[in-house]
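Chains, contacts and geometry: an overview
Single-letter residue listing:
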There are 2 protein chains.
Amino acid sequence: MADAEINQVPPSEETKAEGEETKGPSKSELKKRAKEAEKAKKAAEKAAKQAELEAQRAAAEVDFATEFHGKLPLNQSQTRPRRPRVQIASLNPNMDGQTVLLRARVQTSRAQGNKMVFLNLRQRIDSVQALLTVTPEKVSKQMVKWAASLQDESIVLVEGVVKKSPEIIKSATVGDVELHLSQIHLIAGLEGRLPFTVEDAARPDTEIETNEEVQYKRVLLDTRLNNRVIDLRTQTNQAIFKLQHGIGHFFRDYLDAQGFIEIHSPKLQGAATESGASVFKVSYFKGSAFLAQSPQLAKQMAIAADFERVYEIGPVFRAEDSNTHRHMTEFIGLDLEMAIEEHYHEVMELLDSLFKHMFASLRETYKNEIDTVRRQFPADDFKWREGPEGTLRINFRQAVDFLVEDGVPREVLDDINTENEKRLGRIIKAKYDTDYFIIDKFPMELRPFYTMPDPEDPTVTNSYDFFMRGEEILSGAQRIHDPTLLAEKMRSKGVEPESMAFYVDAFKMGCPPHGGGGIGLERVLMLFLKLNNIRRASLFPRDPKRLEP
Amino acid sequence: MADAEINQVPPSEETKAEGEETKGPSKSELKKRAKEAEKAKKAAEKAAKQAELEAQRAAAEVDFATEFHGKLPLNQSQTRPRRPRVQIASLNPNMDGQTVLLRARVQTSRAQGNKMVFLNLRQRIDSVQALLTVTPEKVSKQMVKWAASLQDESIVLVEGVVKKSPEIIKSATVGDVELHLSQIHLIAGLEGRLPFTVEDAARPDTEIETNEEVQYKRVLLDTRLNNRVIDLRTQTNQAIFKLQHGIGHFFRDYLDAQGFIEIHSPKLQGAATESGASVFKVSYFKGSAFLAQSPQLAKQMAIAADFERVYEIGPVFRAEDSNTHRHMTEFIGLDLEMAIEEHYHEVMELLDSLFKHMFASLRETYKNEIDTVRRQFPADDFKWREGPEGTLRINFRQAVDFLVEDGVPREVLDDINTENEKRLGRIIKAKYDTDYFIIDKFPMELRPFYTMPDPEDPTVTNSYDFFMRGEEILSGAQRIHDPTLLAEKMRSKGVEPESMAFYVDAFKMGCPPHGGGGIGLERVLMLFLKLNNIRRASLFPRDPKRLEP
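Source: prediction; values computed, not measured.

So, the overall build of chain A
Per the secondary structure count, chain A includes 16 helices and 17 strands. Since a compact globule built from 549 residues should have a radius of gyration of about 24 Å, the 34 Å found for chain A marks it as more spread out than a globular shape. Judged by the C-alpha coordinates and their principal axes, chain A covers about 115 × 75 × 40 Å. Contacts in chain A between residues far apart in sequence, at least 24 positions, make up 68% of those at least 6 positions apart. A total accessible area of about 24800 Å² is found for chain A, and carbon and sulfur atoms account for 49% of it. Taking the average location of the 76 positive side-chain charges in chain A and that of its 85 negative ones, the two points are 6 Å from each other.

Structure representation (structure tokens):
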């Protein structure tokens, strides 16, 4: 009807030149029609909108709470209302009655009838219970139904009132309050099903084994690593990686105070260094490069370049086909090197103080996180000698004697293998009640070419390993700073000095006596917490069979 | 004579069975003779030793100071006298008259006649003048001659008395005292000649160009990098790498206080990510791996894994055959990623505060080092807007307009190339007197697939670059956290989502809105100090033509 009326409008002035219009409508006529069509379209749209609004109004009569729940549009930074949001960790009974806004994961939800739903909301290692109850004019039945239907691990934005809880809620880490929700919106949902729930992933093996009433799903390590993003969401893993951060932090903290500077040395090397067998080869434009197995050469060159005291935190690469609980093809090395004034024990003692600083700081700073990890991975507290007697230090020969006394045949002890390392750890724990000790004076044949020989006995070296719970976590030594002796030792170990000329040359230009060590970050973390597999101490671990995710 | 006497000794009891001796001396006779020979040898050795000692005593009459100078045996940690040693930086006029012991490099030595030698002793960025003068019973002529003959860059252990200097010694950084030496020993000498002196390496280009009286040796960058260990010993380089340390330190410091945790993501990747063209390929056991071009995917997965706020400092690898002043094939990325609550400007503003914190902290903490670098690389102070007006932010479109106003044809400005970037830097410096600014809202076609589109204009994105002295030092954005939109954008940029399933899957399991950025450590260092070539900001730089040292 409206269309017909519009067509009745008299022609405008622009349509006067009719002589030109023998083969169809004139240009102006076409323009007019287009205009009319546009008008018609707008009118139709208006009508449709009207109908939609009416439908919405009708729906609202049924659900008065549509604006209090539902899926939010994709956040593309459309608006910035600057409404403060809180952290679950900050909630406490003193906030009783306060309205708060927060973003969290739905760890689990449990409907009670069709009028109430309990949600366990999670942020990193913290969780709180939230409650949504049908309330006139505030919370509708539809709203409760919708909230109850949210998939576990959905990310929601909730508004609610903090209520002091009459009794401690055990299922939440913040158990003395709960949230009475007034709004709940979906920020990000899931596409598809979870490979496993975060609750299943967080359950200690002991609980799975001892609880005979419930058949729990055990999530195997490989399944976890294949779906690492879900696995990492457990409170255990959130805590583990806070401690990983802590180790790096305390390492640097201590060394900064001792006059060290942080360096960054290249991982791409022109030649296979240290030991050609276990080095990864890289295509480098028209030639090849190799991935550094450690910053050893670079940090020694930094000493020859007068930096005096340097450390580095960075990836090291080992092309070893070792599929064990404690080997990865890529891990983080905490390396340091320093000039020595008189004796390499200056380095060894600094490293020892560094470890004691790290252990004590972890225990003090991350008590809550350590307890969180313990719930999934039960373990005795890590023990070290903190008193004036100092850290236990023994020589390699003495370590061998301990093992022989314990029944290991001396003939097999040219080297101490992993099994005997652990055995030694147990012997020392029983004898000295410590999980941490140092072995000094390793035999020459067990150490790399750059290791300084002992001044009196050329079959042993000025080198040491540090141990935690019977596993090596640091290897270090005084290095050879004399180019002639260095070249000689290289040849005796089958390395041609010419193949590493840039390294040997550094010592020809004068280098002070120096020493250092390299620590495996993930090993320290694994052993401090007793995680039993190094992959648990690495965000996205790499081994001969795993390059993803 | 003694030998003859020994032969006269009567046969012992053991030589009685003479009947057996028809064909030659008996066994016991042989034994006896051997014994006698041994005795004779020992006596001869004793005599020789005697003679040697007498010769030494005679020599000592000539040089009474042998124990006060000379080459020390190779330090293999023979002894540990625990004699305190001092740092040159700690010397001051209040110590006048004190005897000190220190290890240092001989930067230069200058004999005055045969009775006196001046040494310039250096430790890291500090130096002091030392003086050795012939003194009865203390310093011999031989001692002075020996000290004067020490090669530059030798490492010595000196003992001496601190003397307040009557006038400031300009050639030393600690110019208000000098050391009057009583002992000087060589810890490590040189094998061969220095490729260039540290003094030559430290000379500013301006001095070489303007001083017409002296023909200085200019040390080219390539020569420096080939002999980086010597080059790094300049006070300039010692200072540069203290600032590098500082940048990392202040970066972490600031972020730690903002609730971030440090992560370490793998550099070995199963698939070529982001852009296949510029990725290094690695032989990985029987297959292949690729070196990460950035921690982009891992840090986003860390957000999907609920870490909320993460940063990483680590190497990134770019297989780009770019031989420019600002490209390397390996550099250190300072990366961060964080969940956002409302708007991506939360990230942009945090990054801005981070930079201002770094700039101010560098200026405060490293004044001495900045001045040291300035002497070799003259530059204006780095300027940023510190007042309440805040950092200058412009949109990409506005940046283009500035360039057009300045005479650049609009047609060439689809992207802003390096040359126009610098031009823009000059325009903005002239207009706003700042070396630091932000460009927001880059066009979609210039950004990677994971960049969130603007909510209103799909041709632009929620992304930004930060600039220092007209060069980009940070690139960042809000990322796409929705798997459907992500897959769509991947396809539109020619990346198959299936080829990066582990990454896309992370978002299917629910991921909060997030954003971040990546900073080039060496670029920040180069531009803050105006070093003009990024290789000067890297300890051992790597480019398409350089893999050593």
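More follows now that the structure is in view.
Quick notes on the environment of Asn323(B)
All names here are of chain B. Tracing the backbone through its elements, the reader meets Asn 323 in the loop between strand 11 (309–317) and strand 12 (330–339). Separated by 95 residues in sequence, Asn 323 and Arg 228 place their C-alpha atoms 19 Å apart. Those residues within four positions of Asn 323 in sequence are excluded, and the remaining contacts are Pro 544 and Lys 545. Polar side-chain contacts of Asn 323 include one of 3.2 Å to the side chain of Asp 321. One polar contact links Asn 323 to Lys 545, side chain to side chain, over a distance of 3.4 Å.

Focus: the sheet that holds strand 13 (residues 392–395) of chain B
All names here are of chain B. Spatial strand order, 7-11-12-17-16-15-14-13: eight strands in an open sheet with mixed pairing. With one partner strand each, in any of the chains shown, strand 7 (261–262) and strand 13 form the two edges of the open sheet. Pairing geometry for strand 16 (residues 471–478) and strand 17 (residues 514–520), over five bridges, is antiparallel. Along strand 17, the bridge assignment pairs Gly 476 with Gly 517. Running over the sheet, helix 8 (residues 235–257) touches strand 7, strand 11, strand 12 and strand 17 and is turned about 155° from strand 11. Here helix 9 (residues 296–304) sits on the sheet in contact with strand 11, strand 12 and strand 17, set at roughly 20° to strand 12.

Re the sheet that holds strand 11 (residues 309–317) of chain A
Residue and element names in this part refer to chain A. Taken in spatial order, the eight strands make up an open sheet running 7-11-12-17-16-15-14-13, and their pairing is mixed. Two strands lie at the open edges of the sheet, namely strand 7 (261–262) and strand 13 (392–395), each paired on one side alone. By the bridge criterion, five bridges tie strand 14 (residues 436–440) to strand 15 (residues 463–468) in an arrangement that is antiparallel. By the bridge assignment, Ile 439 is partnered in strand 15 with Asp 465. Helix 9 (residues 296–304) rests against strand 11, strand 12 (330–339) and strand 17 (514–520) of the sheet, and its axis sits at about 20° to strand 12. On top of the sheet, helix 12 (residues 396–405) reaches strand 13 and strand 14; it is set at about 90° to strand 13, its chief contact.

Concerning the side chain of Asp306(B)
You can see Asp306(B) is positioned in the loop between helix 9 and strand 11. You can call Asp306(B) buried: its relative accessible area is 5%. If we ignore the near neighbours within four places in the chain, the residues touching Asp306(B) are Arg105(A), Arg122(A), Arg124(A), Arg233(A) and Gln238(A).

Concerning the confidence of the model for chain A
Do not read the fine detail of predicted coordinates wherever pLDDT is low. Residue and element names in this part refer to chain A. On average, chain A scores 91 in pLDDT, and the residues at 70 or more come to 93%. pLDDT under 50 marks residues 1–22. Its contacts with residues more than four places away, or in other chains, come to ten contacts. The ipTM for the predicted assembly is 0.88, set against a pTM of 0.87.

Details of the packing of aromatic side chains
The full count for this structure, using the stated rule, is 48 aromatic pairs over all chains. Judged by centre distance (5.2 Å) and plane angle (10°), the ring pair of Tyr284(A) and Phe280(B) falls under stacked. Separated into two different chains, Tyr284(A) in strand 9 (residues 281–284) and Phe280(B) in the loop between strand 8 (268–269) and strand 9 (281–284) make up a pair that spans both. Residue class for Phe280(B) comes out buried when judged on its relative accessible area of 2%. Arg203(B) extends its terminal NZ or CZ atom over the ring of Tyr216(B), reaching a point 3.7 Å from the ring centre. Positioned above the aromatic ring of Phe442(B), the side-chain terminus of Arg447(B) is 4.5 Å from the ring centre.

As for the relation of the copies chain A and chain B
When chain A is fitted to chain B, the best match, at an RMSD of 0.6 Å, comes from turning it 179° and sliding it 0.2 Å along the axis. Here the copies are linked by what is in effect a two-fold axis. Across chain A, the rotation axis passes nearest the C-alpha of Val282(A), at a separation of 2.0 Å. Comparing interface residues between copies, 100% of those in chain A also lie at the interface in chain B; the contact surface is shared.

With respect to the packing of helix 9 of chain B against helix 15 (residues 501–508) of chain B
A pair of packed helices can be characterised by two numbers: the angle between their axes and the separation between those axes. Residues and elements named next belong to chain B. Contact geometry for helix 9 and helix 15: axes closest at 9 Å, N-to-C directions at 25°. One finds that helix 9 runs roughly parallel with respect to helix 15. Relative to helix 15, helix 9 is oriented so that their crossing is left-handed. Two secondary-structure elements touch here, helix 9 through Leu 297, Gln 300, Met 301 and Ala 304 and helix 15 through Phe 502, Tyr 503, Ala 506 and Phe 507. In terms of residue class, the contact of helix 9 with helix 15 is made up of seven nonpolar, one polar and no charged.

Some thoughts on unusual backbone geometry
Geometrically, the link from Glu548(A) to Pro549(A) is a cis peptide bond, its omega value of -5° lying close to zero. The residue Asp306(B) is not glycine, and still its phi comes out positive at about 80°.

Section: the interface of chain A and chain B
A common way to express how large an interface is: the accessible area buried when the components associate. If you look at the interface, chain A gives 117 residues, while chain B gives 117 residues. Here chain A and chain B share an interface that buries about 9900 Å² over both sides, 56% of which is from carbon and sulfur atoms. Looking only at chain A, the three residues that lose the most surface to chain B are His264(A), Glu342(A) and Met509(A), adding up to 8% of its buried area. With a shortest N-O distance of 3.0 Å, Glu349(B) and Arg80(A) are connected by a salt bridge. Between chain A and chain B we count 72 residue pairs in polar contact (both at pLDDT 80 or more) in total. Sorting elements by how many residues they give to the side of chain A that touches chain B places helix 8 (residues 235–257) of chain A first, with nine residues. Of the residues assigned to the side of chain A that touches chain B, the class counts are 55 nonpolar, 27 polar and 35 charged.

Concerning the pattern of salt bridges
Summed over the entire model, instances satisfying the criterion amount to 86 salt bridges over all chains. The partner of Glu472(A) in a salt bridge is Arg523(A), and the shortest N-O contact between them spans 3.7 Å. Of this pair, Glu472(A) sits in strand 16 (residues 471–478) while Arg523(A) sits in helix 16 (residues 521–529), and the two are 51 residues apart along the sequence. Close ionic contact of Arg393(B) with Glu349(B) constitutes a salt bridge, the shortest N to O distance being 2.9 Å. Placement of Arg393(B) in strand 13 and of Glu349(B) in helix 10 (residues 345–365) is noted, with a sequence separation of 44 residues between them. Judged by relative accessible area, which is 24%, Glu349(B) ranks as partly exposed. Ionic contacts of the salt-bridge type, sharing partners, join the residues Arg105(A), Arg122(A), Glu153(A), Arg233(A) and Asp306(B) into one network.

Examining the packing of helix 12 (residues 396–405) of chain B against helix 13 (residues 418–432) of chain B
Residue and element names in this part refer to chain B. Where helix 12 meets helix 13, the axes come as close as 10 Å, and the angle between the chain directions of the two elements is 85°. Here helix 12 lies roughly perpendicular to helix 13, going by the angle between them. Residues Ala 399, Phe 402, Leu 403 and Glu 405 of helix 12 lie in contact with helix 13, whose contacting residues are Asn 420, Arg 423, Leu 424, Ile 427, Ile 428, Lys 431 and Tyr 432. Looking at the contact of helix 12 with helix 13 residue by residue, the class counts come to seven nonpolar, one polar and three charged.

Observations concerning the environment of Asp415(A)
Residue and element names in this part refer to chain A. Turning to its location among the elements, Asp 415 is positioned in the loop between helix 12 and helix 13 (418–432). On the basis of relative accessibility, which here comes to 41%, the residue Asp 415 falls in the partly exposed class. It is 89 Å that separates the C-alpha atoms of Asp 415 and Glu 38, two residues lying 377 residues apart in sequence.

Some details on the environment of Lys281(A)
Position of Lys281(A) relative to the elements: it lies in strand 9. Lys281(A) gets classed as partly exposed once you look at its relative accessible area, which sits at 42%. Not counting chain neighbours up to four residues away, the residues in contact with Lys281(A) comprise Ser288(A), Ala289(A), Phe290(A), Lys281(B), Val282(B) and Ser283(B).

Regarding a positive patch on the surface
Residues and elements named next belong to chain A. Taken together, Lys 27, Lys 31, Lys 35 and Lys 39 make up a surface patch of like positive charges. Inspection of the secondary structure assignment puts Lys 39 in helix 2 (residues 27–62). Looking at Lys 39, the relative accessible area reads 57%, which means it is exposed.

Quick look at the pairing of strand 11 of chain A
Residue and element names in this part refer to chain A. By the criterion of burial, strand 11 is predominantly enclosed, with eight of the nine residues buried. Sheet topology places strand 7 next to strand 11; two bridges connect them, and they run parallel. Its bridge partner lying in strand 11, Ile 261 is registered against Val 310. Pairing geometry for strand 11 and strand 12, over nine bridges, is antiparallel. Its bridge partner being in strand 12, Tyr 311 is matched across the sheet by Leu 336.

Conventions and cut-offs
- Residues numbered from 1 in each chain as written.
- Chains lettered and ligands numbered in written order.
- Predicted model: local features only at pLDDT ≥ 70, side-chain atom pairs only at ≥ 80, totals over all residues.
- Heavy atoms only, no water.
- Helix = DSSP H or I, 4+ residues; strand = E, 2+ residues; numbered from the N terminus.
- Rg over C-alpha atoms; globule rule 2.2 N^0.38 Å.
- Contact = heavy atoms within 4.5 Å.
- Areas by Shrake-Rupley, 256 points an atom, 1.4 Å probe, with all protein chains shown as cover.
- Lys, Arg positive; Asp, Glu negative; His and termini not counted.
- Charge placed at Lys NZ, Arg CZ, Asp CG, Glu CD.
- Polar contact = N/O pair within 3.5 Å; in protein donor to acceptor, adjacent residues only side chain to side chain.
- Pairing = 2+ DSSP bridges.
- Axes fitted to C-alpha atoms, helices over the stretch in contact; angles between N-to-C directions.
- Buried < 20%, exposed > 50% of the residue type's maximum accessible area, 1.4 Å probe, protein only.
- pLDDT = per-residue confidence, 0-100.
- Phe/Tyr/Trp six-rings, centres within 6.5 Å; stacked < 30°, edge-to-face > 60°.
- Lys NZ or Arg CZ within 6 Å of the ring centre and 35° of its normal.
- Least-squares fit on C-alpha atoms with pLDDT ≥ 70 in both.
- Parallel < 35°, antiparallel > 145°, perpendicular 65-115°, else oblique.
- Left-handed = near helix turned anticlockwise from the far one by under 90°.
- Nonpolar A, V, L, I, M, F, W, Y, C, P; charged D, E, K, R; others polar.
- Buried area = accessible area lost by both parts, 1.4 Å probe.
- Salt bridge = Lys/Arg side-chain N within 4 Å of Asp/Glu carboxyl O.
- Patch = residues over 30% accessible without salt bridge, like charges linked within 9 Å, V, L, I, M, F, W, Y side chains within 5 Å.

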